[in-house]
Amino acid sequence: MTKRVAATTVGCKVNLYDTQAVLQRFVEQGYEVADFASDADVYIVNTCSVTNIADKKSRQMIRRAKSRGGIVVAMGCAVQADGVRFAEIGVDIVVGTAERGRIVDFVERFIQDSVKIEHIVDISAETDFEDAFVEQIDGRTRAFLKIQDGCDNFCAYCIVPHVRGRPRSRPVADVLAQARHFADAGRKEIVVAGIHVASYGKDLGEGNGALLAMLKEICGLSGVERVRLSSVEPGVITPDFLDFAAANPKFCDHLHLSLQSGSDRILKLMNRKYTTGEYANAVEKLRMTMPEISITTDIIAGFPGETDDDHKQTMAFVEDLGLCGLHVFPFAAKAGTAAADMPGQLAGNIKQSRAAELVALGKRLTDVRYAGYVGKTVAVLVEERKAGLFVGKTTNYLSVGFESDRDLTNTIVGMKIESQRGDMLFGQPGVVICG
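Below is a short write-up of the structure.

### Details of the overall build of the chain
Regarding its fold elements, the chain presents 12 helices and 18 strands. In terms of overall dimensions, the chain has a C-alpha envelope of 65 × 60 × 45 Å along the principal axes. Counting every position in the chain, which comprises 435 residues, the buried fraction comes to 54%. Summarising the internal contacts of the chain: among those between residues at least 6 apart in sequence, 72% fall at separations of at least 24. Surface accessibility of the chain: about 18,700 Å² in total, with carbon and sulfur atoms responsible for 50%.

Right, here's the structure in full:
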């Protein structure tokens with residue numbers, strides 16, 4: 001009988017891609033991919049350790065997998081951080097953030113001898129991008145394309161450099177081969193992702209222009225209608241980047257521009273590599289280049305030593321910039337990071353209160369952004385049908401819902417926006433721009 005493998009992913013877009021790459025190896029060995037909620041012979045949990053909540057969710061998914069009775073594999077960042085813990089809770093196979101392509105071989109070995117396997121290498125010694133070509137892909141509209149792994153910024157709060165290792169770039173030829181495959185498979189939008197995409201190409205000796213050169217190549221591929229870049233920092237917004245964005249209509253006018261704090265004092269404590277002035281300057285230049293751009297960001301509330309004044313500075317800075325959406329995280333100390341041992345750790349109620357204020361501000365900003373689109377016509381890439389509505393995204397990442405008697409999934413449709421509720425626009429579909 002055909003063996004079945006199921007997987008679930010906790011965490012970021014890069015983790016999603018890594019999961020697909022591992023499943024690809026199983027498909028090549030004759031396995032059938034099953035839904036994680038269904039019966040399978042092997043359950044894979046791709047873990048995340050970026051926050052304590054992600055750690056907790058990773059363990060919850062493992063317990064859920066164990067309850068189903070198959071072979072349980074834990075892989076990824078939380079395993080790299082503390083593989084012994086996962087082995088102790090009854091996981092059959094633990095693999096960190098390197099050599100994940102060997103998981104299918106480990107499973108076959110476990111089937112033969114029933115001996116648990118722990119395979120966690122020194123990630124700091126890894127220098128090459130792990131082969132991760134994906135043949136089979138879920139869905140039909142958007143593809144996540146991993147171009148890079150690792151980070152050496154060592155922000156004070158962040159465990160990622162410790163569990164992902166140094167920056168390692170995917171060779172340009174491999175990136176373009178994967179992008180062509182996605183386009184041939186009908187994906188109209190490619191999301192370029194990495195642990196620290198700004199580092200792309202530097203380890204290959206290609207200099208600061210490598211990321212832009214690769215983005216230009218992807219934009220030039222036939223069948224690719226949209227190219228979206230995942231989270232970046234203000235240093236990426238150079239004159240060359242702005243020239244590229246202005247000259248490439250396929251490049252989406254949405255960026256997740258990482259901030260973390262609106263206080264320069266706290267940014268320095270965090271070991272961030274920019275000031276609020278540099279951040280504001282990047283936002284201004286982006287809006288001059290792409291007037292409809294949506295800029296979203298991350299904020300950490302209650303970093304060690306953050307005062308009421310620092311918090312108020314962050315609130316005012318974000319509101320003055322009119323950012324489109326906030327991802328807010330109350331600070332939680334991660335063992336192994338510099339911030340975990342910093343003086344000035346704040347009480348939980350203070351962190352939660354400040355986070356709640358930021359969340360409320362983010363909702364107000366999002367509401368203003370969406371309300372401004374009522375009456376406008378936008379192009380929507382239709383992604384799925386959910387709760388009786390077709391839903392999709394604009395180039396600047398606004399969500400749009402509509403009703404239709406036709407199946408418009410995986411098309412780009414002109415849409416007249418008639419109303420708005422929270423972070424969703426509603427309208428009537430018009431001409432199919434791209435089928």
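### Details of the sheet that holds strand 16 (residues 399-402)
Sheet architecture is closed into a barrel: five strands sit in the order 14-15-16-18-17, paired in mixed fashion. Pairs of neighbouring strands in the sheet enclose a mean axial angle of 55 degrees, with direction left out of account.

### Some words on the packing of aromatic side chains
Throughout the structure, instances matching the rule amount to nine aromatic pairs. Aromatic pair Phe390 and Phe402: ring centres 5.6 Å apart, planes at 20 degrees, arrangement stacked. A residue pair is termed long-range when its members are at least 10 positions apart, and Phe390 in strand 15 (residues 389-393) and Phe402 in strand 16 qualify at 12 residues. Among the aromatic residues, ring-to-ring pairing joins Phe241, Phe244 and Phe251 into one connected group. The positively charged end of Lys376 is found above the aromatic ring belonging to Tyr373, 4.5 Å away from the centroid. The ring of Phe426 carries Arg421 above its face, with NZ or CZ at 4.1 Å from the centroid.

### Topic: the environment of Val172
Within the element layout of this structure, Val172 appears in helix 6 (residues 172-184). Residue classification places Val172 among the partly exposed residues on the basis of a relative accessible area of 27%. Expressed as a C-alpha distance, the spacing of Val172 and Ala210, which sit 38 residues apart in the sequence, is 8.8 Å. Among residues more than four places away in sequence, those in contact with Val172 are Tyr200 and Glu206.

### Some remarks on the pattern of salt bridges
Tallied over the full model, the rule gives 26 salt bridges. Linking Asp18 and Arg100 is a salt bridge whose minimum nitrogen-to-oxygen distance equals 3.0 Å. You can see Asp18 sitting in helix 1 (residues 13-28) and its partner Arg100 sitting in the loop between strand 5 (93-95) and helix 4 (103-113), a full 82 residues away along the chain. Of the two residues, Asp18 and Arg100, both sit in the buried class. Linking Glu189 and Arg142 is a salt bridge whose minimum nitrogen-to-oxygen distance equals 3.0 Å. Taken together, the residues span a long stretch of sequence, with Glu189 in strand 9 (residues 189-194) and Arg142 in strand 7 (residues 142-149) at a distance of 47 residues. Residue classification places Glu189 among the buried residues on the basis of a relative accessible area of 0%.

### Let's talk about the nonpolar core
Within the largest apolar cluster, 73 residues are counted, with the highest numbers of intra-cluster contacts made by Ile218, Tyr279 and Leu286. The element that contributes the greatest number of residues to this core is helix 7 (residues 210-219), accounting for seven residues. In this structure Leu286 touches Ile237, Phe241, Leu242, Leu255, Leu257, Ile293 and Ile295, once residues within four positions along its chain are discounted.

### Overview of the side chain of Asn248
Within the element layout of this structure, Asn248 appears in the loop between helix 8 (239-247) and strand 11 (254-256). Given the relative accessible area of 16%, Asn248 is considered buried.

### Here we look at the pairing of strand 14 (residues 377-386)
Looking along a regular strand, one sees side chains alternate from face to face of the sheet. Here strand 14 runs beside strand 17 (residues 412-420); their pairing, made up of five bridges, is antiparallel. Its bridge partner being in strand 17, Thr377 is matched across the sheet by Lys416. Two strands pair when backbone bridges link them, and strand 14 and strand 15 are joined in this way by five bridges, in the antiparallel orientation. Across the sheet, residue Leu381 finds its bridge partner in strand 15, namely Lys393. Where strand 14 hands over to strand 15, the hairpin turn is made up of two residues, of which Ala387 adopts a positive phi near 55 degrees.

### Here we look at helix 7
With respect to burial, helix 7 is a largely interior element, seven of its 10 residues being buried. When helix 7 is considered as a whole, its buried residues turn out to be Ala210, Leu211, Leu212, Met214, Leu215, Ile218 and Cys219. Buried residues along helix 7 sit in contact with strand 7, helix 6, strand 9, strand 10 (226-229) and helix 8.

### With respect to helix 8
Listing the buried residues of helix 8 in full gives Phe241, Leu242, Phe244 and Ala245. All buried residues of helix 8 project into a common sector of 160 degrees when viewed along the axis, lining one side. Seen from the open side of helix 8, the exposed residues pointing more than 90 degrees away from its buried face are Pro239, Asp240, Asp243, Ala246 and Ala247. Close packing links the buried residues of helix 8 with helix 7, strand 10, strand 11 and helix 10 (276-289).

### Let's talk about the side chain of Asn46
Looking at the secondary structure, you find Asn46 in strand 3 (residues 42-47). On the accessibility criterion, Asn46 (1% relative accessible area) is buried. Of note is the side chain of Asn46, whose polar atom sits 3.0 Å from the backbone oxygen of Asn15. A polar contact of 3.0 Å, which involves the side chain of Asn46, links it to the side chain of Thr19. The residues contacting Asn46, other than those within four sequence positions of it, are Thr8, Thr9, Val10, Asn15, Asp18, Thr19, Met75 and Gly76.

### Description of the packing of helix 7 against helix 8
Pairs of packed helices are described in terms of their axes, by the angle between the two and the distance that separates them. Between helix 7 and helix 8, the least distance of the axes is 11 Å, while the angle of their chain directions is 5 degrees. Classified by the angle their axes make, helix 7 and helix 8 are roughly parallel. On the side of helix 7, the interface is formed by Leu212, Leu215, Lys216 and Cys219, while helix 8 contributes Asp240, Phe241 and Phe244. Grouping the amino acids of the contact of helix 7 with helix 8 by side-chain chemistry returns five nonpolar, no polar and two charged.

Conventions adopted
- Residues numbered from 1 in each chain as written.
- Predicted model: local features only at pLDDT ≥ 70, side-chain atom pairs only at ≥ 80, totals over all residues.
- Heavy atoms only, no water.
- Helix = DSSP H or I, 4+ residues; strand = E, 2+ residues; numbered from the N terminus.
- Buried < 20%, exposed > 50% of the residue type's maximum accessible area, 1.4 Å probe, protein only.
- Contact = heavy atoms within 4.5 Å.
- Areas by Shrake-Rupley, 256 points an atom, 1.4 Å probe, with all protein chains shown as cover.
- Pairing = 2+ DSSP bridges.
- Axes fitted to C-alpha atoms, helices over the stretch in contact; angles between N-to-C directions.
- Phe/Tyr/Trp six-rings, centres within 6.5 Å; stacked < 30°, edge-to-face > 60°.
- Lys NZ or Arg CZ within 6 Å of the ring centre and 35° of its normal.
- Salt bridge = Lys/Arg side-chain N within 4 Å of Asp/Glu carboxyl O.
- Core = buried A, V, L, I, M, F, W, Y, C linked by side-chain atoms within 4.5 Å.
- Arc of directions from axis to C-beta.
- Polar contact = N/O pair within 3.5 Å; in protein donor to acceptor, adjacent residues only side chain to side chain.
- Parallel < 35°, antiparallel > 145°, perpendicular 65-115°, else oblique.
- Nonpolar A, V, L, I, M, F, W, Y, C, P; charged D, E, K, R; others polar.

So yeah, pure geometry; function would need other evidence.
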